[in-house]
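Remarks on the overall topology
So the chains spell out like this:
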Amino acid sequence: LSSGQSGDISISTGDAKHSGSIHLHTGLSSEEKAGSIVLNTGLSETSPGGAVSLLSGSTSSDRGGDINLLSGHGASRGGSIKLIAGSDSSASDDVKTGGDVSVTGGNSKNGDGGFVHIIGGSTESGNGGNIAFSSGHSKSFSSGSVQISSADGSVDGSSSSGSIFISTGKSYDTTTKGGSVAIRTGESINGQGGSITLSVNDGAILDGGTVKIEAGATLGHAAKGGSVVLTAGSGRNADDSGDGGDGGDVSISGGFANGRSIIDIGGAVEIAGGDAMVGKGGMLHVSSGFSDHGSSGDVVLSSSQSGSDGVSGSLSLSTGYSTAASSGIVTLASGDSKYGAGGEIIIHVGDGGYYNGGDATIAAGSASAAGFNGGKVSIIAGAGLSSHSIDGGDGGDIDLKGGEAKGESDNDNGGSISLMGGTSYTGYGGSIRISSGSSISSSSGSVIIQTSHVSGEGVSGGLILSTGKSNGGHSPSGSILIETGNSEGAPAGKISLTSGETSQDDHPGGLIEIITGYNKDSSSGSFFVATAEGGVNGDSGELSFSSGFAHDGNSGPITLFTGDSSSGSAGNIDLKVGRALSRDRPHIGGSVSLNAGDSYGPDSFGGDVQIGAGSGVNEWHDGG
């Protein structure tokens with residue numbers, strides 16, 4: 001080869017008011033392939049190969065000239081246009097790079113930059129031409145990346161960076177739908193599947209950008225708006241001998257607030273069903289995953305723990321306000337179990353480290369309209385539904401227990417239990433009914449009201465059964481009725497009043513005292529002790545008063561006396577036996593016996609019977 005530079009070839013038309021064109025074309029071919037035009041620069045052994053430049057004409061007053069690359073038309077298929085960069089042809093093992101293909105819009109000093117249009121071919125009857133962006137393949141390393149990005153905004157902040165729009169075209173036929181947009185990563189045969197990240201960059205001064213995923217709306221009759229589905233990947237390995245792999249998680253969290261002020265609040269997460277103009281609003285369904293052989297997943301609703309100076313967040317579960325019909329129901333239920341125990345429901349209020357423990361309040365709703373009642377609170381234990389003849393199972397218990405006080409001071413008292421009926425402005429106050437359960441074929445349950453035992457130095461708690469005061473002018477206070485139920489085939493139940501025993505030598509057993517009511521301006525209440533009248537063929541019941549047996553001391557006396565009177569006469573004591581009223585057969589009226597006690601010891605005497613009339617002790621001179 002020559003050691004110098006080869007000469008140039010220049011083909012140009014002459015200058016003129018309208019300069020001439022240059023046409024390069026091959027001749028017509030009647031049978032074979034038409035001839036090609038090849039523009040090829042020379043090979044260089046030590047320097048870069050020569051460039052091929054297609055430059056359109058410039059102008060100082062109008063738009064620059066276009067460059068059109070057009071392939072030929074064909075009866076079966078049009079010709080293709082290929083832009084292929086050069087390959088690395090080196091035989092060495094050094095890392096080399098293939099040539100780039102760069103398509104850039106024109107620059108502008110004052111106006112908009114030039115567009116880059118990549119458009120697939122149109123058609124009248126078939127599908128429009130596709131556009132495919134694909135990175136290069138590699139036999140040994142990763143395939144190339146595909147990056148679509150807009151340029152940065154101006155450095156001085158006067159303009160924003162450009163937007164990126166990915167959208168499909170409209171569809172006008174009622175039998176077809178708009179084109180889909182699919183963004184997916186490639187499958188990995190032996191490794192981990194690729195990730196998809198939708199990330200908005202930070203805002204240095206203003207708010208960060210928003211990520212919005214919105215399904216399409218519809219104007220069609222009886223049609224439905226598009227759905228938004230977020231589904232994590234499945235663990236599809238069916239290996240049952242080790243670890244087949246878990247399903248992927250779906251995590252939605254509000255943004256972190258890095259500010260140091262109490263008004264710098266973490267981002268909220270709001271999940272809401274769709275609104276409706278007339279029909280029912282959209283449902284919000286939160287459900288854990290199902291398992292063919294294991295347990296279903298847990299559902300955990302909780303606020304996070306607080307920092308060193310705050311309180312933990314509240315948890316509110318409520319239905320919406322209703323202007324016409326009833327408001328929604330809140331149902332808290334555990335699932336049924338076919339072979340195991342039913343799930344428990346535990347409502348537990350948090351402990352207080354330095355203050356009181358939290359309260360648990362169950363309150364039914366109030367009613368403000370006339371003629372309607374406030375809501376009812378029902379606590380019902382579960383039933384033992386089995387009809388097994390040996391042990392079908394018991395009904396569940398209901399335990400109401402005040403809180404335990406573990407303090408060692410006299411002021412550290414256990415929690416009380418208060419059962420109170422509702423108050424009333426004009427009508428009756430609410431009643432309290434405590435009733436044991438009935439039984440179809442056995443005894444009904446007992447009702448036991450008692451205070452607890454004492455193991456230390458204190459006394460056992462008292463038991464007070466009383467009705468409330470009456471402030472009305474002519475209304476009596478409430479009565480107390482203690483009675484046993486009727487019995488059809490056996491003796492009716494008895495009523496026993498027994499005071500407590502004592503083991504101390506110098507203390508008597510408990511006292512039973514029954515006193516009628518006091519009236520400061522009138523008579524005190526009467527006291528009646530009577531047995532019921534006998535039936536057609538029976539006797540009336542016995543009435544017996546006796547003191548207890550004494551082992552070492554004296555048996556207790558029986559004292560029957562009326563009270564003193566400061567202004568009137570003292571009360572009488574009448575001992576009267578009932579009459580025998582039968583006229584068909586002889587009967588004897590009842591007797592009155594006054595017997596003093598016998599004595600069996602040596603040098604002892606039987607008891608006396610003394611009957612004495614009252615003394616007149618008035619010392620007045622006239623009428624004393």
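Located above this text is the structure these notes cover.
Below is a summary of the structure that appears in this document. For every chain, the first residue of the written sequence is number 1, and numbering continues from 1 along that sequence. Reporting in this predicted model follows two pLDDT cut-offs: at least 70 for local features of residues, and 80 or more for side-chain atom pairs to be given and counted; totals over whole chains, interfaces and linings ignore these cut-offs and use all residues. Side-chain descriptors were evaluated using all non-hydrogen atoms of the structure, hydrogens and water having been removed beforehand.

A tally of helices and strands in the protein chain yields 0 helices and 0 strands. For 624 residues, the compact-globule estimate of 2.2 N^0.38 gives 25 Å, and the C-alpha radius of gyration of the protein chain, at 52 Å, exceeds that figure by more than 25%. Summarising its shape, the C-alpha atoms of the protein chain cover approximately 175 × 65 × 55 Å along the three principal directions. Buried means the residue's accessible area, taken with a 1.4 Å probe over protein chains only, is under 20% of the maximum for its type, while exposed means over 50%, and partly exposed covers the values in between. Classification of the 624 residues of the protein chain by burial places 0% in the buried group. Here a helix means four or more residues in a row that DSSP labels H or I, a strand means two or more in a row labelled E, and each is numbered from the N terminus. C-alpha atoms define the radius of gyration in this analysis, and the globule rule sets the expected value at 2.2 Å times the number of residues to the power 0.38.

What follows concerns the environment of G468. Relative accessible area serves as the criterion here: at 49%, G468 is assigned to the partly exposed category. In this structure the C-alpha to C-alpha distance between G468 and G517, which are 49 residues apart in sequence, comes to 14 Å. Whether two residues are in contact is decided by their heavy atoms: any pair within 4.5 Å suffices. Non-local contacts of G468, meaning those with residues more than four positions away in its chain, are made with S477 and G478.

So, about the pattern of salt bridges. One side-chain nitrogen of Lys or Arg within 4 Å of one carboxyl oxygen of Asp or Glu is enough to make a salt bridge. Within this structure, the stated rule accounts for 2 salt bridges. Close ionic contact of D66 with R63 constitutes a salt bridge, the shortest N to O distance being 3.2 Å. Overall, the relative accessible area of 53% leaves D66 in the exposed class. Put simply, K212 and E214 hold a salt bridge, and the shortest N to O gap is 3.1 Å. Given a relative accessible area of 67%, K212 falls into the exposed group. Classification of E214 as exposed rests on a relative accessible area of 61%.

Assessed through its relative accessible area of 32%, A364 is described here as partly exposed. For the pair A364 and F290, spaced 74 residues apart in the sequence, the C-alpha separation amounts to 35 Å. Beyond its immediate chain neighbours, meaning those up to four positions away, A364 contacts G375, K376 and V377.

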